[in-house]
Each structure stands twice: as C-alpha cells, then as structure tokens.
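Each chain is listed here by its residues.
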Amino acid sequence: MSEYIIELDKLTKKFGDFTAVNEVSFSVRPGEIIGYLGPNGSGKTTTMRMLLGLLRPTFGSARVLGFDIERDSEQIRPLVGYMSQKFALYEDLTVLENMQFYAGVYGLGDSASRERINTVLELIGLTEHSRAMASDMSGGWRQRLALGIALVHQPRLLFLDEPTSGVDPSARREFWDLIYTLAEQGTTIFVSTHYMDEAEHCGRVGIMFRGRLMAMDTPDALKQTYLPGKAWDIDADDLLPALEALEQTPGITQAGLLGDRLHAITDGDAHDAASLQAALVERGVADAQVAEADPTLEDVFVALAGHGAAQE
Ligand SMILES: Nc1ncnc2c1ncn2[C@@H]1O[C@H](COP(=O)(O)OP(=O)(O)OP(=O)(O)O)[C@@H](O)[C@H]1O
Ligand SMILES: [Mg+2]
C-alpha cells in the first residue's frame, strides 16, 4: 500500500455542463489534519462524497486507504467515519440510543459496542447526558453526538463536512479540541470549513475556489508563498474614504474591510508604516492609524481567488 491514506488524481465531477470539482489532485499522509477551505458552492462536499464512494467521478481517480473509490467503495465505507454537513440524528431517541443504533448499523457485537460507546461518550463529553433526548439538545451537543456516531466503529480516517457551522464560538473551540485529541490518537482527519480561523488550526489547508484546488500547504507556507509582502491593520474615523485611498496607493496588492478596521497587503518591501501613513495623508485621510499585522488565511484566500477569477 502506498504511504498515502488519501490520493486524488485529477478528480473531477460535472453536473451537466457545470464542473463542481475540477481536476483536483492531492495526497494525505496518515495522521494529518487537512482543512478543506472554500466558500459556498466551491466543491468541498462534492469532493468528499466522491472520496466516500457516494458519488461517481466524471473523470480522474482517487484512492482512499489504498482502495479505488469507484471499484472498491464497499471496502472503504466501513473503514472511514463521515459526519455529513446535513447529519441526521434520530430526534426521538436518546444520545445512547442513537449511538446504539449506529453501532448496530456497523455490525458491532453487543459487548464490543457497549465498550466502544462508553469510550466515545467519554471522549465527546456526553457520558452524563446519555439519556438526553436528541430533540432537546443544543447545537454544540448535537454536533458532538454526530461526531460520536461517526466514530463508533473506530475509523482510521474521518471526513468532517463543515462540522462546526452554526454552533457558537465556545462550542467550536471544544469541537476543535476533540479533533486534536482524535488526531493525537492516530486518526487522519479531513475537515471542510469556511471559517478561516479554523483552517489556521490544520496541519495543511487546501483552498477551493469554483471547483479548483488553488493551493494546499501548511498555513505558514501558504502565507509565505502567496503573500510575499506585509500585512497592515488600518483604523480611521471614516473607513470608506480610507479604503479608497488605499486602493489608489501604489504598492498595495489588496485592501478590504476586516471587522471594524481595514486590512491591507503590501507588495514586498514597498511600504513601511510611515510611508503608508504618508500615502494616506496625501490622499486626504489625515487621521489613519497604521499598524503591521499578521497575515491571515483570509488574505491568502483573497489573493488566490483574485488569481483564480482572473484565469477564467
Ligand atoms: N447533485 C447536484 N446536481 C447539480 N449541481 C450540484 C449537485 N450537487 C452539487 N451541485 C453544485 O455543485 C457546486 C458545488 O457544490 P458543493 O456542495 O460541493 O459545494 P460546497 O463547497 O460543499 O458548498 P457549501 O459550503 O455550501 O457546503 C454547487 O454549485 C452546487 O450547486
Ligand atoms: Mg458543502
């Protein structure tokens, strides 16, 4: 078997004339946490569903755990866990009953399943709540139960499709702690998200844009490769004129709103704080405060999306 746990070679899915996943190639080693970042409709779920053998590729190929996704999909499914974007819980069953149901689906025997369910309940922090009805649970708990269900058969590889969408920030953090714990225990994790901050936590991140994988690397390497300048935070009383001024300033490759301030990327050594400040004053923005900032994956995404859109 190859050293890779997932291997895609120009994997492509067309729906009619529309190409949802366009010649995507990458490889994943055992134990990695791979983030799959992209906006709505960029092809994340479609990629996952092909890798799970739930959707046939139009072209290209992929292997998961050494098995061909088309020929051997029956062998892949029992070995991987999948938390789908629209996971379904049995609302009129308790936490424990939901887990028991899925343990049955995976053919775990009674005693094996009892032991495994206890371990998983402990891991997801729902041991004390095993009798709670699914229908009564908060978003964060539901997400954890859905993860527990995906883990009940002890998969070596876990596909999580936007597992934290719609849950509050503290539940998101707890969920990511769980992802780390699983990775430390040796599970390989492929997780899609559209939260840039979550992608920062991944070992490597693939950036999807309109069906294409624009890049895949560690967060630091992505920033070094695609943002060869500096990042700046700029505050001003009136942000829109300041943004216009930035857009007219030579040496700025991208600028936009970030929360309640502006964020800009400069080309190479084109600017320091003083020269940026001077450029803003020259364009009528006298009160701007300029501070060097850390580049973010959002910046990388904007740079790559601009590049991708220009190619089309
Ligand atoms: N069965 C289908 N038939 C036709 N088009 C489809 C089908 N499934 C997905 N698509 C289209 O393919 C594109 C990619 O969809 P996909 O669900 O993979 O995106 P995504 O990155 O998971 O988005 P989201 O963040 O919203 O979940 C979208 O434009 C979607 O409308
Ligand atoms: Mg999706």
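Here, the structure is the one placed above.
The paragraphs below set out a description of the structure included in this document.

The rules behind these values
- Residues numbered from 1 in each chain as written.
- Chains lettered and ligands numbered in written order.
- Predicted model: local features only at pLDDT ≥ 70, side-chain atom pairs only at ≥ 80, totals over all residues.
- Heavy atoms only, no water.
- Pairing = 2+ DSSP bridges.
- Helix = DSSP H or I, 4+ residues; strand = E, 2+ residues; numbered from the N terminus.
- Axes fitted to C-alpha atoms, helices over the stretch in contact; angles between N-to-C directions.
- Contact = heavy atoms within 4.5 Å.
- Donors = N, O, S within 2.8 Å, 3.2 Å for Na, K, Ca; no water.
- Parallel < 35°, antiparallel > 145°, perpendicular 65-115°, else oblique.
- Left-handed = near helix turned anticlockwise from the far one by under 90°.
- Nonpolar A, V, L, I, M, F, W, Y, C, P; charged D, E, K, R; others polar.

### Some details on the sheet that holds strand β6 (residues 80-83)
Stage number 1. Overall, mixed pairing links the six strands, which are arranged β6-β7-β8-β3-β9-β10 in an open sheet. Lying at the two open borders of the sheet, with one neighbouring strand each, are β6 and β10 (212-217). Strand-to-strand twist across the sheet, computed as the mean angle between neighbouring axes with direction ignored, equals 15°.
Stage number 2. Direction of pairing for strand β3 (residues 33-37) relative to strand β9 (residues 204-209): parallel, over a ladder of four bridges. When the bridges of β9 are listed, Gly35 appears paired with Val205.
Stage number 3. Sheet strands in contact with helix α8 (residues 219-226) are β9 and β10, and its direction is about 115° off that of β10.

### Notes on the sheet that holds strand β1 (residues 6-15)
Each strand in a sheet pairs with another by means of backbone hydrogen bonds, the pair being arranged parallel or else antiparallel.
Stage number 1. Spatially, four strands are ordered β2-β1-β4-β5 in an open sheet, and the strand pairing comes out antiparallel. At either end of the open sheet lies a strand with only one pairing partner, and these are β2 (18-28) and β5 (67-68).
Stage number 2. The pairing of strand β4 (residues 59-64) with β5 spans two bridges and is antiparallel. Bridging across to β5, Arg63 finds its partner in Asp68.
Stage number 3. Across the sheet, helix α1 (residues 44-51) lies against β1, β2 and β4, angled at about 120° from β1, the strand it touches most.

### Quick notes on the coordination of the magnesium ion (ligand 2)
Stage number 1. Looking at the magnesium ion (ligand 2), the protein donor atoms are Thr45 (OG1) and Gln85 (OE1), and they sit 1.9 to 2.3 Å from it. Within this pair, whereas Thr45 is found in helix α1, its partner Gln85 is found in the loop between β6 and α3 (95-105), the two being separated by 40 residues in sequence.

### Topic: the packing of helix α5 (residues 139-151) against helix α6 (residues 169-184)
Stage number 1. Interaxial distance between α5 and α6 falls to 9 Å at its minimum, and their mutual angle equals 20°. In terms of orientation, α5 lies roughly parallel with respect to α6. The handedness of the crossing between α5 and α6 comes out as right-handed. Contacts from Gly140, Gln143, Arg144, Leu147 and Leu151 in α5 reach Ala171, Glu174, Phe175, Leu178 and Leu182 in α6.
Stage number 2. For the contact of α5 with α6, the class distribution of residues is six nonpolar, two polar and two charged.

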